[in-house]
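# Structural overview
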Amino acid sequence: CERKLWYSFHWSVATQWEPRMVRLLSRGHHEEAFLNGYLKDADIEVHDVDEDTGEQWEFSACGGHLLGHADGFVRNLPDSPEWHLLEEKTANQKSFDRTKKLGVEADKPIHYSQMQIYMYLADLSFAAYLVVNKNTDELYFERVPANKKHAESLLAKADRIIASSEPPERMSEDPTFFKCSWCDAREICHYDAS
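Residues numbered from 1 in each chain as written. Predicted model: local features only at pLDDT ≥ 70, side-chain atom pairs only at ≥ 80, totals over all residues. Heavy atoms only, no water.

### Here's the deal with empty space enclosed by the protein
- Per the counting criterion, the structure on display carries one cavity of 30 Å³ or more.
- Around the largest cavity, the lining residues are Leu 39, Val 74, Leu 77, Leu 86, Ala 128, Leu 130 and Phe 141.
- In terms of residue class, the lining of the largest cavity is built from seven nonpolar, no polar and no charged. (1 Å grid on protein atoms, 1.4 Å probe; cavity = no way out; pocket = protein on both sides within 12 Å on 5 of 7 lines; lining within 4 Å. Points joined across faces, edges and corners; volume = space filled by probe spheres on them. Nonpolar A, V, L, I, M, F, W, Y, C, P; charged D, E, K, R; others polar.)

### Here we look at the sheet that holds strand β7 (residues 139-145)
- Spatially, the five strands line up as an open sheet ordered β1-β4-β5-β6-β7, and their pairing is mixed. Edge strands, defined here as strands with exactly one partner in the open sheet, are β1 (45-47) and β7. Ignoring strand direction, the axes of neighbouring strands in this sheet form an average angle of 30°.
- Pairing of β1 with strand β4 (residues 72-75) involves three bridges; the strand directions are antiparallel. (Pairing = 2+ DSSP bridges. Helix = DSSP H or I, 4+ residues; strand = E, 2+ residues; numbered from the N terminus. Axes fitted to C-alpha atoms, helices over the stretch in contact; angles between N-to-C directions.)

### Here's the deal with the pattern of salt bridges
- This model, assessed by the stated rule, comprises nine salt bridges.
- We note a salt bridge from Glu 138 to Lys 100, for which the minimum N-O separation is 2.5 Å. Of the two residues, Glu 138 sits in the loop between β6 (126-133) and β7 while Lys 100 sits in helix α3 (residues 93-102), which places them 38 residues apart along the sequence.
- For Lys 100, a relative accessible area of 41% gives the class partly exposed.
- Taking the shortest distance from any N to any O, the salt bridge between Arg 170 and Glu 173 comes out at 3.2 Å.
- Under the relative-accessibility criterion, Arg 170 is labelled partly exposed at 24%.
- Where salt bridges share partners, they join Arg 98, Asp 107 and Lys 108 into one cluster. (Salt bridge = Lys/Arg side-chain N within 4 Å of Asp/Glu carboxyl O. Buried < 20%, exposed > 50% of the residue type's maximum accessible area, 1.4 Å probe, protein only.)

### Topic: helix α5 (residues 109-122)
- Spanning 14 residues, α5 covers 20 Å between terminal C-alpha atoms, matching the ideal 20 Å at 1.5 Å per step.
- Turning to α5, its buried residues are His 111, Tyr 112, Ser 113, Met 115, Gln 116, Ile 117, Tyr 118 and Met 119. (Expected span 1.5 Å × (residues − 1).)

### Re the confidence of the model for the protein chain
- With 97% of its residues at a pLDDT of at least 70, the protein chain reaches an overall mean of 90.
- The lowest-confidence element of the protein chain is helix α2 (residues 19-41), averaging 80 in pLDDT; the highest-confidence one is helix α4 (residues 104-107), averaging 98. (pLDDT = per-residue confidence, 0-100.)

### As for the packing of α5 against helix α6 (residues 148-163)
- Viewed as axis vectors pointing N to C, α5 and α6 meet at an angle of 95°, and their least axial separation amounts to 9 Å. Classified by the interaxial angle, the pair formed by α5 and α6 is roughly perpendicular. In contact with Tyr 112, Ser 113, Gln 116, Ile 117 and Tyr 120 of α5, α6 contributes Lys 148, His 150, Ala 151, Glu 152, Leu 154 and Leu 155.
- Per-class residue counts for the contact of α5 with α6 are six nonpolar, three polar and two charged. (Parallel < 35°, antiparallel > 145°, perpendicular 65-115°, else oblique. Contact = heavy atoms within 4.5 Å.)

Following this line, the structure appears as structure tokens:
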């Protein structure tokens, strides 16, 4: 929702994470070291840290207003000697099965879009999307081709939101619409709460 993004950009709304979610996100970050170890054991070259900063690789666009961090870069994947962006995720059984069935573009459009922007900014043709099932430790791998048009449309959207002095149109005028009902910006968007 462009309107929610506009509110977030203007510091009008912030996501409040409950402790359980903080632990889940933290687990995902800890899992990356294990996944990178598996990749290295398979003779895949992994660069998970920017040597200049000692941190994850950072990407910046839209005058520095859009920032993101990649899990790394890999090279020497089977049948793919070129560099790939690396994106690693954890998932519960239901989410894992759905991603495995539908693929990242259809099932996880935010992950897909994130990879597209990073590939565009890094001038890469592919991403390696690796997901671990938290219930069984099963791994899912998908090689994702770059979609330059999609990345450019996302960056144009970000520029449009950043440059706008007014919030964009609502996704729905009905605050009980399912996407609005659980949105962190619901109160300010529909009821002008401050």
